[in-house]
Amino acid sequence: MRSLTATACAAAFTAAALLSGCSDPRGLRVAGPAVSPSPPSGPAQVTDPVYVSDAARRPLQRPASFVLKESVSLTGLRWLHWGETTAEATGGLSGGWCRPDCENQPYPVKVTLSGLTRQEGRDRVAFYSRATLVSDRLPPEKAAELGRVSLHTPEF
């Protein structure tokens, strides 16, 4: 019984102390600098338009297909994400180097674009500067060549 009385007295004392702090006749006052919101967690989102250049140096956004370099074509691309520090897609890979095997049925490929380069100034845009292609069907020498492909980026 004593512990119940002690608990009730402690609660009443705490409530009185809290309420008396708010009974200032001038009202509630807040002092000090405002708290800034925390930045969002996770990968940074790029708000500028993001492009990849094809072999003809044309800027493309989320292309369904394009010629990566003179002898490498990508088709049927389905982008898992785009506009972040990397872009990833799955699709088909073909070129003169794999004929006749891939002529009618392109090799399945995973494409990763990276090396995002941003333009500063009035017309801000960004370009991916590297591509990585991965396919189980690639011969070792072609896999090494396509493991890191430099892409054209315009002079900023």
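Residues numbered from 1 in each chain as written. Predicted model: local features only at pLDDT ≥ 70, side-chain atom pairs only at ≥ 80, totals over all residues. Heavy atoms only, no water.

Draft legend 1. Region of the structure containing the overall build of the protein. Along its length, the protein carries 2 helices and 10 strands. Going from the N terminus to the C terminus, the protein shows its helices and strands as α-β-β-β-β-β-β-β-β-β-α-β. For the protein, buried positions account for 29% of its 156 residues. Surface summary for the protein: the accessible area is close to 10700 Å², and the carbon and sulfur share equals 55%. (Helix = DSSP H or I, 4+ residues; strand = E, 2+ residues; numbered from the N terminus. Buried < 20%, exposed > 50% of the residue type's maximum accessible area, 1.4 Å probe, protein only. Areas by Shrake-Rupley, 256 points an atom, 1.4 Å probe, with all protein chains shown as cover.)

Draft legend 2. Geometry of the environment of Thr 75. Tracing the backbone through its elements, the reader meets Thr 75 in strand β4 (residues 72-81). Here the alpha-carbon distance between Thr 75 and Leu 93, two residues 18 residues apart in the chain, equals 6.5 Å. Among all residues touching Thr 75, those that are not within four sequence positions of it are Ala 64, Ser 65, Gly 91, Gly 92 and Pro 106. (Contact = heavy atoms within 4.5 Å.)

Draft legend 3. Examining the pattern of salt bridges more closely. For the structure shown, the criterion picks out 4 salt bridges. A salt bridge links Glu 88 to Lys 110, with the nearest nitrogen and oxygen atoms 3.9 Å apart. Here Glu 88, found in strand β5 (residues 87-94), pairs with Lys 110, found in strand β6 (residues 107-114); they are 22 residues apart in sequence, far enough to count as distant. Two residues, Glu 145 and Lys 142, come together in a salt bridge whose shortest N-O distance is 3.1 Å. Of the two residues, Glu 145 and Lys 142 both sit in helix α2 (residues 140-146), 3 residues apart, roughly one turn of that helix. Assessed through its relative accessible area of 32%, Glu 145 is described here as partly exposed. A single network of salt bridges, built from pairs that share partners, joins Lys 69, Lys 142 and Glu 145. (Salt bridge = Lys/Arg side-chain N within 4 Å of Asp/Glu carboxyl O.)

Draft legend 4. Up close: the pairing of strand β1 (residues 50-53). Two elements, β1 and strand β8 (residues 126-127), share 2 bridges in a ladder whose sense is parallel. Among the inter-strand pairings, Tyr 51 is bridged to a residue of β8, identified as Phe 127. With 2 bridges connecting them, β1 and strand β2 (residues 59-60) associate as antiparallel partners. Counted as the bridge partner of Val 52 is Leu 60 from β2. Counting the residues between successive antiparallel strands, the hairpin from β1 to β2 contains 5 residues, one of them, Arg 57, with a positive phi of roughly 65 degrees. (Pairing = 2+ DSSP bridges.)

Draft legend 5. View of unusual backbone geometry. A cis amide bond links Arg 99 with the next residue in sequence, Pro 100, at an omega value of 5 degrees. Considering the arrangement of structural elements, one finds Pro 100 in the loop between β5 and β6. In this structure, Arg 57 takes a positive phi of about 65 degrees despite not being glycine.

Draft legend 6. Molecular detail of the confidence of the model for the protein. Averaged over all residues, the pLDDT of the protein equals 79, while 68% of them reach at least 70. Here residues 13-19 scores under 50 on pLDDT; set against residues more than four positions off or in separate chains, the count is 0 contacts. Between residues 34-45, whose pLDDT stays under 50, and residues either more than four places distant or in other chains, the model counts 1 contact. (pLDDT = per-residue confidence, 0-100.)

Draft legend 7. Structural detail: the sheet that holds β5. What the 6 strands build is an open sheet, ordered β3-β4-β5-β6-β9-β10; its pairing is antiparallel. Edge positions in the sheet fall to β3 (66-69) and β10 (149-150), since each of these pairs with one other strand and no more. Summarising the sheet, β3 and β4 pair through 3 bridges and their orientation is antiparallel. Each bridged residue has a counterpart across the sheet, and for Lys 69 the counterpart in β4 is Val 72.

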